[in-house]
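Reading the structure
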Amino acid sequence: EADIYQTPRYLVIGTGKKITLECSQTMGHDKMYWYQQDPGMELHLIHYSYGVNSTEKGDLSSESTVSRIRTEHFPLTLESARPSHTSQYLCASSEFGGYSAGELFFGEGSRLTVL
Amino acid sequence: GENVEQHPSTLSVQEGDSAVIKCTYSDSASNYFPWYKQELGKRPQLIIDIRSNVGEKKDQRIAVTLNKTAKHFSLHITETQPEDSAVYFCAAIYGGGADGLTFGKGTHLIIQP
């Protein structure tokens, strides 16, 4: 079944560690996104990509980085995690962009806690 | 850029009553307005959307209305049920379209038994 997958679902790490949150989609979508969300709160766009080798920063400044080497894969990396990075990270994808925007499909999220 | 305002932040209604959530947007070029529902601990999921060439769209107990002149759109839920309890987000496509959706801050809908 086509879906968008995120790993790990939960991660607890110490300050200063490097972490990578994985996101893969089997929907054949070109556009992918990373949102940061505290539980039940506002969705903040931190990164997006139009396709392979395309990465852009979103509205919310983030110390994380992303890469898009394959269409289906859009990992997010924090080089040195801090307690302020504690949050839920939601990956999403969509079929279209621009004025033909289609439905945004979300993964189940990665809940990160930095001690 | 686009700015989406959503009200109220919390809405409590009796089971069986109607609920209305309102959003305004700033970019007159926006032309796609979806609504997402996020249950506790779950991912946001699209429940209904509307494009700018339509004024109203209905799907069973939920409906969305759009007033392009006033730049506002609303979600209407009739005959509310306990499973309607969730956070609801409105969104609008950013004028240039390149960045994707701009979301409102969300409304916590609580259905009282």
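Anything mentioned here points back to the structure above.
Definitions and limits used
- Residues numbered from 1 in each chain as written.
- Chains lettered and ligands numbered in written order.
- Predicted model: local features only at pLDDT ≥ 70, side-chain atom pairs only at ≥ 80, totals over all residues.
- Heavy atoms only, no water.
- Disulfide = S-S within 2.5 Å.
- Helix = DSSP H or I, 4+ residues; strand = E, 2+ residues; numbered from the N terminus.
- Buried < 20%, exposed > 50% of the residue type's maximum accessible area, 1.4 Å probe, protein only.
- 1 Å grid on protein atoms, 1.4 Å probe; cavity = no way out; pocket = protein on both sides within 12 Å on 5 of 7 lines; lining within 4 Å.
- Points joined across faces, edges and corners; volume = space filled by probe spheres on them.
- Nonpolar A, V, L, I, M, F, W, Y, C, P; charged D, E, K, R; others polar.
- Pairing = 2+ DSSP bridges.

1. Some thoughts on the state of the cysteines
Residue and element names in this part refer to chain B. Taken as a whole and assessed by the stated rule, the structure comprises two disulfides over all chains. Put simply, Cys23 and Cys90 are joined by a disulfide, and their sulfur atoms are 2.0 Å apart. Its torsion about the S-S bond being -100°, the disulfide of Cys23 and Cys90 is classed as left-handed. Of the two residues, Cys23 is situated in strand β3 (residues 19–25) and Cys90 in strand β9 (residues 86–93); the sequence distance between them amounts to 67 residues. Across the pair, Cys90 and Cys23 agree in class, each one buried.

2. Notes on the layout of surface pockets
When its volume is computed, the largest pocket comes out at roughly 310 Å³. Along its surface, the largest pocket is lined by 19 residues, and A:Glu42, B:Val4, B:Thr102, B:Phe103 and B:Lys105 are the ones closest to its centre. Secondary-structure elements contributing two or more residues to the lining of the largest pocket are β5 (44–49) of chain A together with β1 (4–7) and β10 (101–103) of chain B. Considering each element in turn, the lining of the largest pocket owes the most residues, four residues, to β1(B). Residue composition of the lining of the largest pocket, by class: seven nonpolar, seven polar and five charged. Looking at the second largest pocket, it is lined by 13 residues, and the ones nearest its centre are A:Gly40, B:Glu39, B:Leu40, B:Gly41 and B:Val87. Among the residues making up the lining of the second largest pocket, the classes are represented as four nonpolar, six polar and three charged.

3. Some remarks on the sheet that holds strand β3 (residues 19–25) of chain A
Hydrogen bonds between backbone groups are what pair the strands of a sheet, and the pairing can be parallel or antiparallel. Residues and elements named next belong to chain A. Spatially, the four strands line up as an open sheet ordered β1-β3-β8-β7, and their pairing is antiparallel. With one partner strand each, in any of the chains shown, β1 (4–7) and β7 (65–66) form the two edges of the open sheet. Two strands pair when backbone bridges link them, and β3 and strand β8 (residues 76–78) are joined in this way by three bridges, in the antiparallel orientation. Of the residues in β8, the one forming a bridge with Leu21 is Leu76.

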